[in-house]
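# Survey of secondary and tertiary structure
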Amino acid sequence: MGKLDGRVALVTGAASGLGKASATLFVAEGASVVFADLNEEGARAAATEATANGGVASGERLDVTRGAECERVVAATLERYGKLDILMTCAGVGDSAPVLELDEATFENTIAVNLKGTFLSAKYAFPALSRQGGSIIALGSVAGIIGAPGFAAYGASKAGVIHLMRIFAAEGAAHNVRANAICPSWIWTPMVEKAVQRLIPGAPAEAAQAYLARQSPLGRMGTPGDVARAALYLASDDAAFMTGQALVLDGGLTIGPRAV
Ligand SMILES: NC(=O)c1ccc[n+]([C@@H]2O[C@H](COP(=O)([O-])OP(=O)(O)OC[C@H]3O[C@@H](n4cnc5c(N)ncnc54)[C@H](O)[C@@H]3O)[C@@H](O)[C@H]2O)c1
């Protein structure tokens, strides 16, 4: 018996990284899952891969910056599976730069995808979730909690996401809709690989991974599985009394200064 038997989930950004890993675990735990992404081919391929050993999933193209597209994908989910219990918003971009080098277009796009995209996804899923109660899980980041240099656009967008989940939790409570954020530190995904190449062009992946692992007291980077298991908890009845929270998954990075 799976923890999500009989549930229907919509996961944005599910073609890659944390969204793909979480959506795949949801399928394995019995949910029917819509893998939605700007990368339609990737979303369909991830859904096919997730059902290789059974289970139910499908792929949809989605640009989370467009309200009409969010509305259409929720409608397609309801048409195909009859309801929606879980929304997980993983669509995101990782571009940023030190403030003096950060251009207006990058700032606007980061806010549009990460913050407005989360708002639109949740707004259009909300009526369906509130029919029977449900769970919204948004990807925040430790960059939305601590002020790390070089993360003005990204960090501001993630601080916004964390606070948005508090508002959705407050407004959703009467309908038994819970809303929480997961805030990971470094996890090696295509987004982080791209960020490392932008910051230190030509850096070998192993050296970058070793450096990022040393940022956490536990001495390792997170894994997509770490996030997927936290998402499963928040999606399931195990977290029935948890709403409006930011669940930090960072190997202790935000504890405070390290021992000298
Ligand atoms: N990897 C990390 O270290 C880390 C840490 C903290 C938070 N996060 C957050 O987790 C989420 C997933 O990141 P990831 O590391 O898996 O990155 P990723 O690049 O592997 O996946 C992001 C996915 O979002 C999709 N996407 C981008 N713009 C979109 C749009 N407009 N509409 C729909 N889909 C769109 C991409 O096509 C991609 O498949 C992001 O919100 C990211 O900010 C990641």
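Check the entry above for the structure.
Throughout what follows, the structure given in this document is the object of discussion. Predicted model, so just to flag it, every value in this text is computed and none were measured.

Turning next to the site of the ligand. Close to the ligand lie 32 residues, the nearest being Gly13, Gly17, Gly92, Thr189 and Met191. Contributions of two or more residues to the shell around the ligand are made by helix H1 (17-28), helix H4 (104-132) and helix H6 (190-199). Residue classes in the shell around the ligand are distributed as 16 nonpolar, 14 polar and two charged. Each of domain 1 (8-184 + 223-247) and domain 2 (185-221) accounts for three or more of the residues forming the shell around the ligand.

Next up on the list: helix H8 (residues 224-235). With twelve residues, H8 should cover 16 Å at 1.5 Å per step; its first-to-last C-alpha distance of 16 Å lies within 8% of that length. Those residues of H8 that fall on the buried side of the exposure criterion are Pro224, Val227, Ala228, Ala230, Ala231, Leu232, Leu234 and Ala235. Looking at the buried residues of H8, the elements they touch are strand E1 (8-12), H1, strand E4 (86-89), strand E5 (134-139), strand E6 (177-184) and strand E7 (246-249).

Turning next to the sheet that holds strand E3 (residues 56-61). Taken in spatial order, the seven strands of this open sheet run E3-E2-E1-E4-E5-E6-E7, and their pairing is parallel. Only two strands of the sheet have a single neighbouring strand rather than two, namely E3 and E7. Shown here is a sheet whose adjacent strand axes are inclined to one another by a mean of 15°, direction ignored. Note: strand E2 (residues 32-37) against E3, six bridges, orientation parallel. Bridge pairing in E3 links valine 33 to alanine 57. Along the sheet face, helix H2 (residues 40-50) touches E2 and E3 and points at about 175° away from the line of E3.

Reading the values: the criteria
- Residue numbers restart at each chain and count upward from 1, following the sequence in its written direction.
- Reporting in this predicted model follows two pLDDT cut-offs: at least 70 for local features of residues, and 80 or more for side-chain atom pairs to be given and counted; totals over whole chains, interfaces and linings ignore these cut-offs and use all residues.
- Each residue gets a C-beta atom placed from its backbone. If that atom is within 6 Å of a molecule or strand, the residue is near it.
- Numbering goes from the N terminus for both helices and strands, where a helix is a DSSP run of H or I of at least four residues and a strand is a run of E of at least two.
- Only Asp, Glu, Lys and Arg are considered charged in this grouping, and only Ala, Val, Leu, Ile, Met, Phe, Trp, Tyr, Cys and Pro are considered nonpolar; every other residue, Gly among them, is considered polar.
- An automatic or database domain assignment supplies the start and end points of every domain.
- Expected helix span is taken as 1.5 Å per residue step, with the number of steps being one fewer than the number of residues.
- Exposure is read from a count of other C-beta atoms within 10 Å of each residue's own; the residue is exposed at 12 or fewer, buried at 20 or more and partly exposed in between. C-beta atoms are placed from the backbone.
- Our contact criterion uses C-beta atoms placed from the backbone: two residues qualify when those atoms are within 7 Å.
- Strands are treated as partners if at least two bridges between them are detected by DSSP.
- As a rule, the C-alpha atoms of each element are fitted with a line to give its axis, helices using only the stretch in contact, and angles between N-to-C directions run from 0 to 180 degrees.

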